[in-house]
Amino acid sequence: MFEAISWEAWVTLGIVVLMLIALIKELARPEVALLASLAPLLLLGILTPDQAFAGLSNSAVLAVGSLFVVAAGVQRTGALSFTDRLIFPRSPSVAAAIPRLMLTTGAMSAFLNNTPLVAMLIPRVQTWCERAGVPASKMMIPLSYASIVGGMTTLIGTSTNLLVAGLMEASGVEPLGLFDLSWVGVPAALAVIAYFSAFGHRWLPDRSEEAAEFKEGLTECMFEVRVAPGSPFVGQSVEEAGLRALGNAYLAHVRHGGEIIPSSPDAVLRAGDVLAFRGSAVMLEHLLRRPGLQRVVESVETSELTTLPLYEAVVAPSSDLVGHSLKEVGFRERYQGVVLGIRRRDVPVDGSLGHVKIQPGDLLLVEAQNGFDKRWNQNRDEFYLVAPRRQEELKVQRAKAPLALAILFGVIAFAAFDVISIVTASFVGALLMIATGCLRVAEARRAVDVSVLLVIAAALGLGEALSSTGLAGVAAQGMVGAAAGFGVVGVLAAVYIATSVLTELITNNAAAALMLGIGLAAAQGVGAPPEAFAVAVAIAASASFVTPIGYQTNLMVMAAGGYRFSDFARSGLAVNLIVSVVAITMIWLVWL
């Protein structure tokens, strides 16, 4: 078999392997890794420019971008505020709240982007949990999982589904319709909701203390203050200054110039000393009220330091911050904010605040001007979620909420009944959101996640390389040969499992791009409808439940629910199994 592989296929394979390494090790952002993989293919003539960049003109890219705008218009008008009555029962019962939360979230996620939807629901769920006396950790994982399985139910539920449709179109195969995925997605979603309603919620942990820490502003984080010149603490020992133990925070070490001095009750404080504390960031506010202590970093504006609001930001894996310190990236200048504390789940943060290497999932306590959350919540590349310390009522245009809902339902209806194509319906819907004033032009521009569009466009080019070099066919032959003894369903299961494993390691869209060509070739090899294997790839690529970094909504709820990494593995393995069994069974019944 290997003798039949051309040199172009070998080169493509090598490039794909290097791309996978870059994605798994997070050496580069997803869009950069995928775009970079096209460069050698172009230089070596394996792809023509038309083939490499055909994705930019693919309808999937325009559809995804338009749907970002439609979803932003719905969110901006507060059109979904009525869902509170649907989600939260009057009785403080987890068993009663779970099915309502998951059904409503899943239904909305079928037509709206998951990330802003979950961002909108997190504070609502937290408020209900506090009022009902229910641990937030009993509700946050179901919230995230419901948004994921809800996105599986329609073609516009997630960008991954639209990417699969775009790849099918580029391969000359009839793309999926708006509700083709519903045959699989709806039963899978209902099975997951039934599991959590009956059993799953009982096995979710009670992380009340950890969740409370998040709500009050980060605990077990590291923050620093400086002994000001002329401070009354100069010349005093740590114990005399009353800084040794502060109840919910303690002094970790003292830094004088480049020298780090371990905390000792007898250590004498000098002007300019930087005191590194570990504990609740609430204590930071108390310390800064003491005369003679000041922030280590300058504020982002010249007004009184205490007037600036504080925000909590969850660092995304694709952020430029990852692997770098705050000083290296120039956080203050670049993000127009000052980091006052860093919290890292399960791992203590050591060293100088400005020199700590940031990791995905780190929670940053940021002091910034008003609007910091709105500005950076539009850029999911940097932060998955930015929330003010004290939730403020969003200024929404509620008078236009019925209009926004009418536009959304119009997009769905026109696409569902094949009056116009999905891309046309979504594009017109996006324009109507702007024309009717539901969304301003600047807000629409910020709503479009350019990185997702670049990933889809580059993935389409990479998919063309896998197909044109014959690499997808060779991989499919190997997969068909290995699973041939189990028949068509066995080959289908092999494609599904391979995609599912891959999506836990790299981005969903990249996994779909690599596996769709193989799936279509495998379908041809066993004489099965291509739609069956396309649906398997689409569902498996979105079935990312096992790790908090596997899907952006998992990372968003991790801090709000006070979860540990193992909590997702414990819940996610069962959900992965449920979805895979339901998906393979339904595909077999409907298409095979």
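Residues numbered from 1 in each chain as written. Predicted model: local features only at pLDDT ≥ 70, side-chain atom pairs only at ≥ 80, totals over all residues. Heavy atoms only, no water.

1. A word on the pattern of salt bridges
Stage number 1. Using the criterion set out here, one finds 4 salt bridges in the structure.
Stage number 2. The shortest N-O distance in the salt bridge between Lys357 and Glu328 comes to 2.7 Å. You can see Lys357 sitting in the loop between strand S7 (337–343) and strand S8 (363–368) and its partner Glu328 sitting in helix H13 (residues 326–329), a full 29 residues away along the chain.
Stage number 3. Between Asp567 and Arg570 there is a salt bridge; the shortest N-O distance is 3.1 Å. With Asp567 and Arg570 both in helix H25 (residues 565–591) and 3 residues apart, this pair spans about one turn of that helix.
Stage number 4. Take Arg570: its relative accessible area is 48%, and that puts it in the partly exposed class. (Salt bridge = Lys/Arg side-chain N within 4 Å of Asp/Glu carboxyl O. Helix = DSSP H or I, 4+ residues; strand = E, 2+ residues; numbered from the N terminus. Buried < 20%, exposed > 50% of the residue type's maximum accessible area, 1.4 Å probe, protein only.)

2. Examining the confidence of the model for the chain
Detailed conclusions should not be drawn from predicted coordinates in areas where pLDDT is low.
Stage number 1. Confidence in the prediction for the chain averages 80 pLDDT; 88% of positions are at 70 or higher.
Stage number 2. Across the chain, the secondary-structure element scoring lowest on mean pLDDT is helix H11 (residues 208–216), at 51, and the one scoring highest is helix H10 (residues 182–198), at 94.
Stage number 3. The model gives residues 213–218 a pLDDT under 50, and that stretch makes 27 contacts with residues more than four places away or in other chains.
Stage number 4. The low-confidence segment residues 299–307 (pLDDT under 50) makes 18 contacts with residues lying over four places distant or belonging to another chain. (pLDDT = per-residue confidence, 0-100. Contact = heavy atoms within 4.5 Å.)

3. Some remarks on the pairing of strand S6 (residues 310–315)
Stage number 1. Within S6, 6 of the 6 residues are buried, leaving the element largely enclosed by the surrounding structure.
Stage number 2. Residues Leu310, Glu312 and Val314 point to one face of S6 and Tyr311, Ala313 and Val315 to the other, with burial holding for every one of them.
Stage number 3. Where S6 lies against S8, 5 bridges are found, and the strand directions are antiparallel. Each residue of the ladder has a partner; that of Ala313, found in S8, is Leu364. (Pairing = 2+ DSSP bridges.)

4. A few points about the nonpolar core
Soluble, globular proteins show a tendency: their nonpolar side chains are buried together.
Stage number 1. Core analysis: the biggest nonpolar cluster contains 163 residues, and Phe196 and Val579 have the highest contact counts within it.
Stage number 2. Other than its neighbours up to four places away in sequence, Phe196 contacts Ile98, Met102, Ile141, Pro142, Tyr145, His201, Leu204 and Val575.
Stage number 3. Of all hydrophobic cores here, the second largest spans 22 residues; its members include Val225, Val254, Phe277 and Val338. (Core = buried A, V, L, I, M, F, W, Y, C linked by side-chain atoms within 4.5 Å.)

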